[in-house]
Amino acid sequence: HVALDPYQPNWYPHLQLDVDGSGGAALPDKTTGPATWSFAVFSTDQLGNHMFHGYMYGLVNTLPNTPTYIGAQVSTSATAELSAMAYALMWALSVVCAQGPPDLEWPALTFVFHFDCMLVDGVATKFFNVAKHSILIDTIRALSMAIVQLAHASFEHVPAHTGQPW
């Protein structure tokens, strides 16, 4: 994982999080390589300029007895997309906790989560019933409910692989 400081964005109360995952590529032995997840954090100023704040990434962890396990049972593009959302939500909650309650100096934070996977949308916002990966699904649901209670948060689907920022 790459460290992304939860204290830094306090100067930028309107944060955009781009969330994405990638499935493992086919290997010569007909197995697949590890799936990866990532998210990047940006803000937009009053003139529409984008500012990059940082990113986090990692491998999808399927080992239940390890510290970074969040519920993925297999390493696929779907669990990579879901893992990316889970880690982005955890980071956003850490920012809210680092800031403390809103006041005149620090207004309530706004987070917009951008993703290209409809499964992520269904899990984070519509509570689709998904049979696989129940721990990971429940984690995302709990985190998404928490962030909308503690900050202004919205979730937006964006077209995949189009080059448009949002």
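Criteria and cut-off values
Residues numbered from 1 in each chain as written. Predicted model: local features only at pLDDT ≥ 70, side-chain atom pairs only at ≥ 80, totals over all residues. Heavy atoms only, no water. Helix = DSSP H or I, 4+ residues; strand = E, 2+ residues; numbered from the N terminus. Buried < 20%, exposed > 50% of the residue type's maximum accessible area, 1.4 Å probe, protein only. Contact = heavy atoms within 4.5 Å. Areas by Shrake-Rupley, 256 points an atom, 1.4 Å probe, with all protein chains shown as cover. Axes fitted to C-alpha atoms, helices over the stretch in contact; angles between N-to-C directions. Left-handed = near helix turned anticlockwise from the far one by under 90°. Nonpolar A, V, L, I, M, F, W, Y, C, P; charged D, E, K, R; others polar. Pairing = 2+ DSSP bridges. Phe/Tyr/Trp six-rings, centres within 6.5 Å; stacked < 30°, edge-to-face > 60°.

Draft legend 1. Spatial organisation of the overall build of the chain. Along its length, the chain carries three helices and five strands. Along the chain, helices and strands appear, N-terminal first, in the series β-β-β-α-β-α-α-β. A buried classification covers 41% of the 166 residues belonging to the chain. At a minimum sequence separation of 6, the contacts of the chain that also span at least 24 residues come to 64%. Carbon together with sulfur atoms contributes 61% to the accessible area of the chain, which is approximately 9,000 Å² in total.

Draft legend 2. Representation of the packing of helix H1 (residues 77-99) against helix H3 (residues 134-150). Packing of H1 against H3 leaves a shortest axis separation of 9 Å and a crossing angle of 35 degrees. Judged by the sense of rotation from one axis to the other, the crossing of H1 with H3 is left-handed. Side by side, H1 and H3 meet where Thr79, Leu82, Ser83, Met85, Ala86, Leu89, Met90, Ala92, Leu93 and Val96 of the first sit next to Leu136, Ile137, Ile140, Leu143, Ser144, Ala146, Ile147 and Leu150 of the second. Taken together, the residues of the contact of H1 with H3 sort by class into 15 nonpolar, three polar and no charged.

Draft legend 3. Looking closely at the sheet that holds strand S4 (residues 110-115). The mixed open sheet is built from five strands, whose spatial order is S3-S2-S1-S4-S5. Sheet topology places strand S3 (50-59) and strand S5 (152-157) at the edges, where each strand pairs with a single neighbour. In this sheet, neighbouring strand axes are inclined to one another by 20 degrees on average, regardless of whether the strands run parallel or antiparallel. Examined bridge by bridge, strand S2 (residues 36-44) and S3 share nine bridges and lie antiparallel to one another. Paired with threonine 44 across the strands is histidine 50, a residue of S3. Across the sheet, H1 touches strand S1 (14-22), S2, S3, S4 and S5, and the angle it forms with S1 is around 155 degrees. Along the sheet, H3 makes contact with S4 and S5, crossing S5 at roughly 130 degrees.

Draft legend 4. Fine view of the packing of aromatic side chains. Here the structure, examined in full by the defined rule, presents eight aromatic pairs. Aromatic pair tryptophan 37 and phenylalanine 39: ring centres 6.4 Å apart, planes at 15 degrees, arrangement stacked. Owing to a relative accessible area of 2%, tryptophan 37 belongs among the buried residues under this scheme. An aromatic cluster is built from Trp37, Phe39, Tyr87 and Trp91, whose rings are joined through pairwise contacts.

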